[in-house]
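Structure at a glance
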Amino acid sequence: MKTIGILGVGKVGVVIAQLLLKAGYKVLLAGSGSPDKIALTVKVLTPGAVAVTKQEAVKQADIVILALPLGKYQTIPKDELAGKLVIDAMNYWWEVDGDQPDLKDLTTSTSETIQKFLPESHVVKAFSHIGYHELHDETRPAGAPGRKAIAIAGNNEADLDTIAGLVNDVGFDPVIIGPLAFGIRLEPGSDVFGAHVEAAALQSMVDHFPQTELGKKVLSARK
Amino acid sequence: MTGKKHEVLFGIDTFGDLPVDDNKNLLTYAQAIRQVVDEAVLAEKVGIDAIALGEHHRPEYAISAPDTVLAGIATKTSKITLATGVTVLSSDDPVRVFERFSTIDALSNGRAQVILGRGSFTESFPLFGYDLQDYEVLFEEKVQLFAELLKEKPVTWEGTTRAALDKADVFPKTESGHIETMIGVGGSPQSVIRAAHYNFPLMLAIIGGSPDRFVPYIDLYRQATKEFGTKTHPIGMHSPGFIADTDEEAIRLAWPPYKKSHDRIGKTRGWAPITRDQFMYEIVNGSLYIGSPETVAKKMARSIKLLGVGRFDLVYGQGPLAASARLKFIELYGTKVIPRVRELLAEDER
Ligand SMILES: NC(=O)c1ccc[n+]([C@@H]2O[C@H](COP(=O)([O-])OP(=O)(O)OC[C@H]3O[C@@H](n4cnc5c(N)ncnc54)[C@H](OP(=O)(O)O)[C@@H]3O)[C@@H](O)[C@H]2O)c1
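First, a word on what this report is: a plain description of the structure on this page. Note that the coordinates shown come from a computational prediction; the quantities given were computed from them, not determined experimentally. (Residues numbered from 1 in each chain as written. Chains lettered and ligands numbered in written order. Predicted model: local features only at pLDDT ≥ 70, side-chain atom pairs only at ≥ 80, totals over all residues. Heavy atoms only, no water.)

1. Overview of the packing of aromatic side chains
Residue and element names in this part refer to chain B.
- Enumeration according to the criterion identifies 15 aromatic pairs over all chains in this entry.
- Centre to centre, the rings of Phe125 and Tyr130 are 6.4 Å apart; their planes meet at 75 degrees, and the pair counts as edge-to-face.
- Overall, the relative accessible area of 26% leaves Tyr130 in the partly exposed class.
- On the basis of an interplanar angle of 10 degrees and a centroid distance of 5.9 Å, the ring pair of Tyr135 and Phe139 is categorised as stacked. Remark: Phe139 and Tyr135 occur in helix H5 (residues 135–149); sequence separation between them is four residues, near one turn of the helix.
- Given a relative accessible area of 6%, Tyr135 falls into the buried group. (Phe/Tyr/Trp six-rings, centres within 6.5 Å; stacked < 30°, edge-to-face > 60°. Buried < 20%, exposed > 50% of the residue type's maximum accessible area, 1.4 Å probe, protein only. Helix = DSSP H or I, 4+ residues; strand = E, 2+ residues; numbered from the N terminus.)

Here's what the structure looks like:
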């Protein structure tokens, strides 16, 4: 089975770890500090996962999930991440990250900013738009009626397929929406942000983006 | 379990949202604050154990200085616990927070209670000249200093977030020698561990999704207190709600102001407007305690049993709700819901 490393053992990191463990993945977790700082959390909330350093989590993992505050992205161990498949689950959130002009730039999605910071990694955006409550409460087996969807954006078809498989494994319908630049269609201010809906509804929200307030702003900023 | 009766305290909690009068006109900020004082007096009369006031610095809320409002309530009541929900310690001075609460404690004959936390908004940071990037160190240092101040002995302290203290003695002292202090926690495991480390009881803010998700967090708190050798205090929870005579009436009254409040906050944070389906989903499966006294009592009893909490605070009055409906809510909560929840809990223990 694949090994997944998660950076950030907060609200979202914990839930993603729980879902992956349930689906049979091997999970490594790392916070900002040493592994013993998160050892108890890992033991109680995500039994079966292993608390490690950021470097270890990255080195041993087939796929790395970024679930730390976006404002801290420059602390991500970028050399170790070279060649790895990376899921960016992060959003720019003023209440946490404070005012950060580079993350507000409408000409680029925040996932493209992460890709630029990790030039030798394969970055895919996923798990970012759904709140951690719903992520926890709304898993369903494949084919079940009412199964909710998670949007995925990325530039490489093989990577997208791999992540689509992972999303499916943990209990959601994957919806591939396009290249990493489309990640902005999932960011705060978009209709998709916060949405826990089925695949068709998710797709139509994504398609409708250019007609929305944020969509128009993005288009005119990118002209 | 010891076979001891499951004693539960019941509170209400408000941010001081601006209500409307019966003609749908918004009250002034001053009227809204006096309304909260009246609500506290009524709450005590109908047997509610605690009132908690949030601290916000935004146009839709009247309460930015909850401790001052609590001081007003203190002199008009005699039993009800006077709490904050929450005091944003990171952008405040722990010495001043202690002084203000020990003053409330004096005015109220020992009923002051501090609930420390991050709160759901962070507008106090730019307002008071703090950088959100420093949040962790601000909270960590100030909680540690506050824990020292609570011992009510001269404090010697040094850190990076305020001037050092050299055997500083802080007044007024309380009569009991201790101000009750809890830590309010959302879904972050680190904050749970921090509460255990500083020997503070936990107040869980469960504002969305199913409460079931928090079961392992309670285990985490218990195990952490064991590891640190601190006390395993009873845990509290708070969740939003509203009560009227029937389910239909409660939903009809609560939905428009709830949506207004949700969408207004959502606009600044970038989440989409809430749909009625989502609202109903939260009522049925999630953490909105909205309905008739029987509906709300059943839902509360389930959560209290599931999580084994010793206190349940209902957050009320989201958005521009009618002031009269808020008073009615408090009356129904005190006279119908609380007794019924106690009954449901007792049935189970028999
Ligand atoms: N909350 C949601 O519903 C939701 C949904 C989707 C996506 N997201 C996104 O997911 C990310 C995490 O959000 P959250 O709600 O889980 O926040 P959170 O509860 O505050 O957790 C953040 C975690 O990141 C860790 N961390 C901080 N700095 C770090 C660093 N430099 N390296 C490694 N770990 C670090 C923190 O641990 P330490 O104590 O060790 O610092 C903490 O455990 C954010 O970008 C957010 O926008 C959130």
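2. Things to note about the environment of B:Ala40
Residues and elements named next belong to chain B.
- Counting through the fold element by element, Ala40 comes out in helix H1 (residues 29–45).
- Sequence-wise, Ala40 and Ala50 are ten residues apart; in three dimensions their C-alpha atoms are separated by 8.6 Å.
- If we ignore the near neighbours within four places in the chain, the residues touching Ala40 are Ile51, Ile73, Thr77 and Ile80. (Contact = heavy atoms within 4.5 Å.)

3. What about the packing of helix H8 (residues 247–269) of chain B against helix H9 (residues 276–284) of chain B?
Residues and elements named next belong to chain B.
- Interaxial distance between H8 and H9 falls to 11 Å at its minimum, and their mutual angle equals 125 degrees. On the basis of the axis angle, H8 is oblique to H9. At the point where H8 passes H9, the crossing takes the right-handed sense. The segment H8 lies against H9, with Ile251, Ala254, Trp255 and Tyr258 engaging Arg276, Phe279, Met280 and Ile283. (Axes fitted to C-alpha atoms, helices over the stretch in contact; angles between N-to-C directions. Parallel < 35°, antiparallel > 145°, perpendicular 65-115°, else oblique. Left-handed = near helix turned anticlockwise from the far one by under 90°.)

4. A few points about the interface of chain A and chain B
- On the chain B side, the residues contacting the 29 residues of chain A number 32 residues.
- At the boundary of chain A with chain B, total buried surface from both sides reaches about 2,500 Å², with 56% on carbon and sulfur atoms.
- The tally of links between chain A and chain B comes to one salt bridge.
- The interface formed by chain A and chain B holds nine residue pairs in polar contact (both at pLDDT 80 or more) in total.
- Looking at the side of chain A that touches chain B residue by residue, the class counts come to eleven nonpolar, nine polar and nine charged. (Buried area = accessible area lost by both parts, 1.4 Å probe. Salt bridge = Lys/Arg side-chain N within 4 Å of Asp/Glu carboxyl O. Polar contact = N/O pair within 3.5 Å; in protein donor to acceptor, adjacent residues only side chain to side chain. Nonpolar A, V, L, I, M, F, W, Y, C, P; charged D, E, K, R; others polar.)

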